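Residues per chain are reported as follows:
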Amino acid sequence: MEQAWISMKDGVRLAATLYMPDGAKSGERFPALLEYLPYRKDDGTAAGDYPKHAYFAHRGYVSVRVDIRGFGASEGAPPDREYSEQEQVDGEQVIAWLAHRPWSNGNVGMFGISWGGFTALQMAMRHAPGLKAILATDATAELFHDDVHYIDGIAHIDEFELNMDMAEGWTGAPDYTLDEKVLERRFETPPWSLLYLRHQRDGPFWRERVRPLKEVTIPSFLIGGLLDGYRDNVTDMLMQASGPVKAIVGPWNHTWPNDAVPGPQIEWRNEAVRWFDHWLKGRDTGVERDPRLVIFMQHWHPPDPNLENVPGEWRREDIWPPKDSQATTLFLEPDHSLAEAAAHIDTHQLKYVPSVGVEAGFWWGELLSDVRPVDAFSLVYDSAPLAADLAILGRPQALLQASATAPLADWFARLSDVAPDGTVTQLTGAGINGAQRNAMSDPHDLVPGKVYPLDIEMHLTSWVFPKGHRIRVAISNALWPMMLPTPYSMTTALGLGGGEGSRVVLPVVPEHGTVPPPFSPPELSEERTDVKTEGFPWPGEWTLERDEARHKATVHWKGKEGSMYPWGKESDYEALTYEADDAHPETCSVQGEAETVFALKGRTLTWRGHLRVTTDQKNFYYEYTRELLKDGTMIKSKTWQETIARDHQ
């Protein structure tokens, strides 16, 4: 491991750790693999970085981890937002620096998960010279629709806001300097959550960071999870990218496949080496003959947040949508059944209950408990017991004829499997902000009572419904606390009947597909012995409280993590409290508390972040405070407060 500085054109230096191959011969040249993100290579990701980068270094790569400017050991002030123009311009310079090192063969690849995957996609869109191939895991180019600020175009606040808004103010390991020349620029950076709340519709703010997927011309290896909120990007890339695409989608959440929970776990690093060997070293490793997509077909399992392995099988698909996929339409019937024949004309009404949805999850993924508590406050439609197994693979669609008695409403469609004993396993779903019915960039009030056609494309899933089970579609107007509630009491309605009546379209495929080559099981990882990490804030623990007399509900969430380094101990604590009032939908709140304590030699530093967002019918009321304590004494504090008009949210 070698530490290096990479100078930007404006004089700011970015900090890099280079994992160099041992035993290199004089004059031997290697490709570089870059992971580029803000999560502090010397402390925050140190334990997890080593097993990946060391693996690649052992196989003939200079594997490089770089902190973006203003984070960790890198110099400068944090950018004004995620995926900023500054970050991307710096990224191009980092790639050029790597391509021109004396040890370099001129070829650079990028890889990463989440932020690192986003960055790899964005640098590919910019056609950064020297960048020849990427591997992006759990990443998306749809920053407004998919990312954690607005999910499906609807306002969302979670643990990520707490983490990033506080981390903007940190200085780098191992000294965590309190020199004002370094500290002030970071500590005074406005919290990003405030900036995102000012941009409540799609448009240039979100779009200027990315380019159309067709502009990705270099080879792209994508890894996704059917329990991950960013999974739709995989199939979007298969259909739209101009360069070669290889993809693996397993039954995973937001994680690397070799340590995924739930499993089955597979080794991905050997697949990455095959990929990069081909495109960066010019070796024929067979990747161009690999399946374009290998995806896990999930078989039924009961709802269980602690499931260790999802039952199912891998299948190969070389085109998307699958060539043997058939769109099967099921109509929502007046008797609350699902049937292939169009129903007679009818209308179903639903009273809006803002506090329902907790059991459906904190984003469109994760293993869930039984979702019947959400179904109880939804319009529910069940098929007859299936006469044979039925498999789906793709993105189901809910096509609704909907109206509301208020000028703003959200609709959520969820697809579930109902077992003979009544247990309900949710498969997927999606939402739509009714004001964004024509375009997420151009919202308009609903006309109360007017019927609108709504197209809700659910998130990617696979599933085999067993014989005797029922298919369930549930429609609601709230999915709290995943989404912040709309502010009007109301009743909504679904129009049923006729060929254009409310219906769902399922991507039905044969139960068994082409079997792909087997994956390798996870290999033992080389670990650092001087760094230990325990726990992870997400998914944490949560409880739901309902005050039935006052029609109020509260969700408490908390998570923690601890790390040991040669220079000391880090302890992270996070908590969120969501409140909703069914009698007053306009009043909801999210309050977050984050604290990171660095117990160092001779001193203890504590960074804190306090977030509070409350609402009324017209506005969001935002307050964020960042604090720094030394040995328990406050030495720095700054608060941001702003009233922000609700823009159709």
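Above this text is the structure in question.
Just so you know, the residues in each chain are numbered from 1, in the order the chain's sequence is written. Residues qualify for local features only when their pLDDT is at least 70, as the model is predicted, and side-chain atom pairs are given and counted only at 80 or more; totals for whole chains, interfaces and linings, by contrast, use all residues. Working from all heavy atoms in the structure, the side-chain values ignore hydrogens and water.

Visitor: Would you take a moment to explain the overall build of the protein chain for this structure?
Guide: Secondary structure follows DSSP: runs of H or I at least 4 residues long count as helices, runs of E at least 2 residues long count as strands, and numbering of each begins at the N terminus. Each helix and strand counted, the protein chain has 10 helices and 33 strands in total. Rg of the C-alpha trace for the protein chain: 25 Å, near the compact-globule value of 26 Å for 649 residues, within the 12% margin. Once the C-alpha set of the protein chain is aligned to its principal axes, its extents read approximately 80 × 60 × 40 Å. Exposure classes here rest on a 1.4 Å probe applied to the protein chains alone. A residue is buried below 20% of its type maximum, exposed above 50%, and partly exposed in between. Counting all 649 residues of the protein chain, 62% fall into the buried class. The globule rule used for comparison is 2.2 Å times the number of residues to the exponent 0.38, while the radius of gyration itself is calculated over C-alpha atoms.

Visitor: It is not clear to me how helix 5 (residues 180-187) should be interpreted in this structure. Could you clarify?
Guide: Of all the positions in helix 5, only Leu183, Arg186 and Phe187 are classed as buried. An end-on view of helix 5 places all buried positions within 90 degrees of arc, on one side of the element. On its buried face, helix 5 is in contact with strand 31 (603-615), strand 32 (619-630) and strand 33 (633-645). One side-chain oxygen at the N-terminal end of helix 5 lies 2.9 Å from the backbone nitrogen of Lys181; it belongs to Asp179. Here, the arc refers to the directions that run from the helix axis to the C-beta atoms. The contact definition used throughout considers only heavy atoms, calling two residues in contact when any of these lie within 4.5 Å. Each polar contact in these results corresponds to two N or O atoms within 3.5 Å; when the atoms are within protein, one needs to be able to donate a hydrogen and the other to accept it, and residues that are neighboring in sequence are counted only if both atoms are side-chain atoms.

Visitor: Explain the packing of aromatic side chains here, please?
Guide: Aromatic ring pairs: the centre-centre distance and the angle between the two ring planes describe each pair. Aromatic contacts are taken between Phe, Tyr and Trp rings whose centres are within 6.5 Å, Trp giving its six-membered ring; a plane angle under 30 degrees counts as stacked, one over 60 as edge-to-face, and the others as tilted. All chains considered together, the criterion is met by 31 aromatic pairs. On the numbers, 5.0 Å between centres and 75 degrees between planes, the contact of Trp314 with Phe519 is edge-to-face. Taken together, the residues Trp314 in strand 12 (residues 312-317) and Phe519 in the loop between strand 25 (503-509) and strand 26 (532-535) connect sequence positions 205 residues apart. For the residue pair Trp314 and Phe519, the accessibility class agrees, reading buried in each case. Note on Phe362 and Tyr578: the rings are 6.3 Å apart at their centroids and 50 degrees apart in plane angle, and the pair reads as tilted. One end of the pair, Phe362, is in the loop between strand 15 (346-351) and helix 10 (372-375); the other, Tyr578, is in strand 29 (residues 568-581), with 216 residues separating them in the sequence. The pair Phe362 / Tyr578 is uniform in exposure class, with both members buried. Members of the aromatic cluster, connected to one another through ring pairs, are Tyr39, Phe71, Tyr83, Trp115, Phe118, Trp192, Tyr230 and Trp363. We note Lys281 situated over the ring of Tyr61; from NZ or CZ to the ring centre the distance is 4.2 Å. Should the NZ of a Lys or the CZ of an Arg lie within 6 Å of a ring centre and within 35 degrees of the ring normal, that charge is described as sitting over the ring.

Visitor: Explain the side chain of Ser114 here, please?
Guide: Its location among the elements puts Ser114 in the loop between strand 5 (104-113) and helix 3 (115-125). A residue is classified by how much of its surface remains accessible, and Ser114, at 15% relative accessible area, is buried. Residues contacting Ser114, with those up to four places away along its chain left out, are Thr137, Asp138, Ala139, Tyr230 and His254.

Visitor: I would appreciate a short explanation of the side chain of Asp290 in the present structure.
Guide: By secondary structure assignment, the location of Asp290 is in the loop between helix 9 (269-281) and strand 11 (293-298). A residue is classified by how much of its surface remains accessible, and Asp290, at 17% relative accessible area, is buried. At a separation of 2.8 Å, a polar atom in the side chain of Asp290 contacts the side chain of Lys246. Separated by 2.9 Å, the side chains of Asp290 and Arg274 make a polar contact.

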